[in-house]
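The residues making up each chain are set out below.
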Amino acid sequence: MKVTLTGAVQLLKLGMDGKPNCPDDGELVPVGVSDVTILCPNCYSRHDNRRLTLNLNYEKGVFNCPRCRFCGTALDLVSFYTNWDRNSVESRIQKGELGDISMVDNEPERADDSPGKEIAPLHRRHEVYTAMLEGLSLSDSHKAELMRRGLTEEQIELGGYKSTPVFIDITAIPRRLITMGLNLRHVPGFGLDRTDNWVMTKTASGFFIAGRNAMWKTQGFQIRADHPCFSTPKYGYFSSRKLSCGAACETWAHWAGPNMKDWVSNKKFDIIIVEGWLKGDICHYRTGQNFLCVPGVTALKKLYPALQSFRKIGALRDVYIAYDMDAYENEDVARQLVDLYQTLKASGYNIRILQWEHEFKGLDDWLTRPIQKAGK
């Protein structure tokens, strides 16, 4: 019997913390899903956070951490944890050296044909999300947190931040949107349940952060969780890829700048690249500069076409990279910074790297330092 990634995870008794022989069934990595992201055992010790970065894709039978590039198949995963030679892994598992293989899921991995691959066009997503936000509110605690981060009440209103509706019937918002004549098909965050009722995906307690394009159309949402943990990332996505007629929220490059429909064609500007949609909003409101915000230092797929669109219309002058200061202390983040710099340089962009005092991790922290110090 072929050793699948699902079977390897079960035999290793892998926990969400990336450690084998997990003693708590509630913290075991789930296998009845298409994919799951856990703490990366190869690089988490080199980072000052507990971000989940190791993706286990059961449907493709592969795993990958974009931060440290730890990747491979079931045999590579077992070899990592057991120190067995990769070529001997399968035979040793068959001999029962890792446990009773007959007790694990032996369904073969398959090509990724799961729901969520199609996504609604931007105009439909924007219409649905605009109407959704109009029916939501922002809690006092979330408003206070955003003000602590350096935003004013007017900027909070303009940014459209709203608290997630964790205590609302998941069919209520879709019903309201449908009665307004809106089409929810393949809009991330919405989908059909097993009884073919439109539902809104369950969300963690937190607040929505809109990811917009240069025309201020909402492409998707991140959710800043109130209580992040192994199963709930600090910044997750409003996504419904596992629901019928649902869709995944893609890693959009969020534009934190003025609405480009008012752009004067003979006026060029610089763009600053930062990690984090909320961070970019804060930096833009504090400086008036234009920011392209990637959701993570490895989530760059949508960044390059966004930059190219500005260059194509003749709007772009210089590009600045403002990654967090841990890039100068952490080899994984440093490598991502160098890769981005070299890729953009090779594409003909004028590139500069911003630095500031190391005691302030992010550019937003440095820009709001009077506020941060006053709050201590």
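Up top is the structure these notes are about.
Calculation rules
Residue numbers restart at each chain and count upward from 1, following the sequence in its written direction. Only residues with pLDDT of 70 or above have their local features reported here, since the model is predicted, and side-chain atom pairs are shown and tallied only from 80 upward, although totals for entire chains, interfaces and linings are computed over all residues. The side-chain figures draw on all heavy atoms in the structure; neither hydrogens nor water molecules are used. Secondary structure counts use DSSP, requiring at least four H or I residues in a row for a helix and at least two E residues in a row for a strand, with both numbered from the N terminus. The classification of residues rests on relative accessible area computed with a 1.4 Å probe and restricted to protein chains. Under 20% of the type maximum is buried, over 50% is exposed, and intermediate values are partly exposed. It only takes one pair of heavy atoms within 4.5 Å for two residues to be counted as in contact. The definition of a nonpolar core used throughout is a set of buried Ala, Val, Leu, Ile, Met, Phe, Trp, Tyr and Cys residues joined through side-chain atoms within 4.5 Å. Strands pair, by our definition, only if DSSP identifies at least two bridges between them. If you view a crossover with the strands going away from you and the path from the first strand over the helix to the second runs clockwise, you call it right-handed. The convention used is that axes are lines fitted to C-alpha atoms, helices contributing only their stretch in contact, and that angles between N-to-C directions extend from 0 to 180 degrees. Comment on the angle field: the value is read as roughly parallel under 35 degrees, roughly antiparallel over 145, roughly perpendicular from 65 to 115, and oblique elsewhere. In this scheme, a crossing is called left-handed if the near helix is turned counterclockwise away from the far one by less than a right angle; it is called right-handed if the turn is clockwise.

**Brief notes about the environment of Met260**
So, step 1. Among the structural elements, Met260 can be located in the loop between β11 (254-256) and β12 (269-275).
So, step 2. Classification of Met260 by relative accessible area gives buried; the value is 8%.
So, step 3. With 159 residues separating them in the primary sequence, Met260 and Ile101 have C-alpha atoms 58 Å apart.
So, step 4. Once you skip the residues sitting within four places of it in the chain, Met260 turns out to touch Ala214, Met215, Trp255, Phe269, Phe310, Ile313 and Ala315.

**Looking at the nonpolar core**
One broad rule of soluble globular proteins: the nonpolar side chains tend to lie buried together.
So, step 1. Membership of the largest hydrophobic core comes to 33 residues, with the highest contact counts inside it found for Val29, Leu56 and Ile93.
So, step 2. Of all the secondary-structure elements, those providing two or more residues to this core are α1 (5-12), β1 (35-38), β2 (54-57), α2 (74-82) and α3 (86-94).
So, step 3. Contacts of Ile93, omitting those with residues within four sequence positions, involve Val3, Leu11, Val78, Trp84, Leu98 and Ile101.
So, step 4. Within the second largest apolar cluster, 27 residues are counted, among which are Phe269, Ala315, Val319 and Leu340.

**Digging into unusual backbone geometry**
So, step 1. Its identity as a non-glycine residue notwithstanding, Arg69 has a phi of 70°, on the positive side.
So, step 2. In this fold, Arg69 is placed in the loop between β3 (62-64) and β4 (71-72).
So, step 3. One non-glycine residue, Cys245, adopts positive backbone phi at about 60°.
So, step 4. Of note, Cys245 is situated in the loop between β10 (235-237) and β11.

**Things to note about the pairing of β12**
So, step 1. Burial within β12 is extensive, with 7 of its 7 residues counted as buried.
So, step 2. Both faces of β12 are covered, namely the face carrying Phe269, Ile271, Ile273 and Glu275 and the face carrying Asp270, Ile272 and Val274.
So, step 3. In this structure, β12 lies alongside strand β14 (residues 316-321), joined through 4 bridges in parallel fashion. Pairing of Ile272 across the sheet is with Tyr320, part of β14.
So, step 4. Sheet analysis places β12 next to strand β13 (residues 290-294), joined by 5 bridges and oriented parallel. Each residue of the ladder has a partner; that of Ile271, found in β13, is Asn290.
So, step 5. Handedness of the β-α-β unit built from β12, helix α8 (residues 277-287) and β13 comes out right-handed.

**Details of the sheet that holds β3**
So, step 1. Sheet architecture is open: 4 strands sit in the order β1-β2-β3-β4, paired in antiparallel fashion. Of all strands in the sheet, those bounded by a partner on one side alone are β1 and β4.

**Overview of the sheet that holds β11**
So, step 1. Strands sit in the order β11-β13-β12-β14-β15 across an open sheet of 5 strands; the sheet is mixed. Of all strands in the sheet, those bounded by a partner on one side alone are β11 and β15 (351-353). The sheet shows a mean angle of 30° between the axes of neighbouring strands, direction not considered.
So, step 2. As paired strands, β11 and β13 are joined by 3 bridges and run antiparallel to one another. Bridge pairing in β13 links Trp255 to Leu292.

**Quick look at the packing of α1 against α2**
So, step 1. Orientation of α1 relative to α2, taken along the N-to-C sense of each, is 20°, at an axis distance of 8 Å. Considered as vectors, α1 and α2 are oriented roughly parallel to each other. With respect to the hand of their crossing, α1 and α2 are arranged in right-handed fashion. In contact with Leu5, Ala8, Val9 and Leu12 of α1, α2 contributes Ala74, Leu77, Val78 and Tyr81.

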